[in-house]
Amino acid sequence: MSFGYYASGKVGFTNSVFRFKGVNRSSKENYKTNFGDGEIFIDFNNAIWDTGTENAEIYMRKAETVTFNVAEGGLTITNASGKTFTTTMPFTGEGVLTKSGDGDLIFGEALSLVGTSPQYGDSATMTTNACERTFTLDVTGGLNILGGTVYVTAETIRPGLDVYIAKGAVLDLGGTTVEFNSIAGAGTVRNGTVKVAKL
C-alpha cells in the first residue's frame, strides 16, 4: 500500500494487521513514505502496524493534513531487533499506543500547516511563520512500551501521559524534561528529566 503525492481520503484498520512499510526509495532495507498534498485520515482500532525486518520512515514532504488516529481499541507498532521506525507524522486519538518488538520507535519533530508552505519544500526547510509545531506522540490514552526503545523529547510527546515500560524496554527522553501523569513497570527511563504527577 502506498500513497501518491496527491492522495486523499479516509481508511480504517480494525482488528487487523497493517503491514505498510512505505515506498522503497533507496535500498531493500530502508523504506521512506512521503504523504503529499491530500487530506488523509487513517483510523487504527485494535490494530497492529508491523514493519517486519525493515527500517521504516514516515515523513512529510509538505505540511499537508494527515491524521493517524489511534481509536479506543488502540494501536500496536512492532518491529524487529536492530530496526528503526521513524515518524514525523502525528499520532493522535483517545486510544493507547503500544510498542512491541525489540526495534526502535522514534518520534521526530512535526510541523503543521497554518499558512502557505513553499512548494515542494521539505518539513526541515519550512518557515516558522508558515507552520507551527505539533506533538508527534499526541495520543491521550497512554503509551505502553513492551519491548525495544521509544525515543521522544519534550517537543514530540504530549505532556501528562500515563506510561507503562516493561522490563527490558526503554523510554529515551532525548536529554529533555518531560511531564507525565504516571509511570509504571520495571523498564528504564534514560537521558532526561522526568516530572511525574503520580507513581
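Note: the structure precedes this text.
From a predicted model like this one, the values you see are computed outputs, not experimental measurements.

S.K.: An account of unusual backbone geometry is requested, with residue identities and associated values reported.
M.R.: Even without glycine at this site, Asn 46 takes up a positive phi of about 55°. Looking at the secondary structure, you find Asn 46 in the loop between β5 (40-45) and β6 (47-50). For Asn 46, a relative accessible area of 42% puts it in the partly exposed group. Although it is not a glycine, Asn 191 sits at a positive phi angle of roughly 60°. Relative to the elements of secondary structure, Asn 191 occurs in the loop between β21 (188-190) and β22 (193-198).

S.K.: Quick one: what's the story with the environment of Gly 82, residue by residue and with numbers?
M.R.: With respect to the secondary-structure elements, Gly 82 resides in the loop between β9 (75-78) and β10 (84-87). Given a relative accessible area of 67%, Gly 82 falls into the exposed group. Counting along the chain gives 21 residues from Gly 82 to Gly 103, while the straight-line C-alpha distance between them is 5.4 Å. Contacts of Gly 82, omitting those with residues within four sequence positions, involve Asn 55, Asp 102 and Gly 103.

S.K.: Can you tell me about the pattern of salt bridges, naming the residues and giving the values?
M.R.: Taken as a whole, this structure holds two salt bridges when the rule is applied. The residue Arg 158 makes a salt bridge to Asp 138 at a minimum N-O spacing of 3.0 Å. Remark: Asp 138 occurs in the loop between β15 (131-134) and β16 (143-145) and Arg 158 occurs in the loop between β17 (149-151) and β18 (161-165); sequence separation between them is 20 residues. Given a relative accessible area of 29%, Arg 158 falls into the partly exposed group. A salt bridge links Arg 190 to Asp 172; the nearest nitrogen and oxygen atoms lie 2.8 Å apart. Residue Arg 190 is found in strand β21, and its partner Asp 172 is found in strand β19 (residues 170-172); the two are separated by 18 residues along the sequence. Overall, the relative accessible area of 6% leaves Asp 172 in the buried class.

Conventions and cut-offs
Residues numbered from 1 in each chain as written. Predicted model: local features only at pLDDT ≥ 70, side-chain atom pairs only at ≥ 80, totals over all residues. Heavy atoms only, no water. Helix = DSSP H or I, 4+ residues; strand = E, 2+ residues; numbered from the N terminus. Buried < 20%, exposed > 50% of the residue type's maximum accessible area, 1.4 Å probe, protein only. Contact = heavy atoms within 4.5 Å. Salt bridge = Lys/Arg side-chain N within 4 Å of Asp/Glu carboxyl O.

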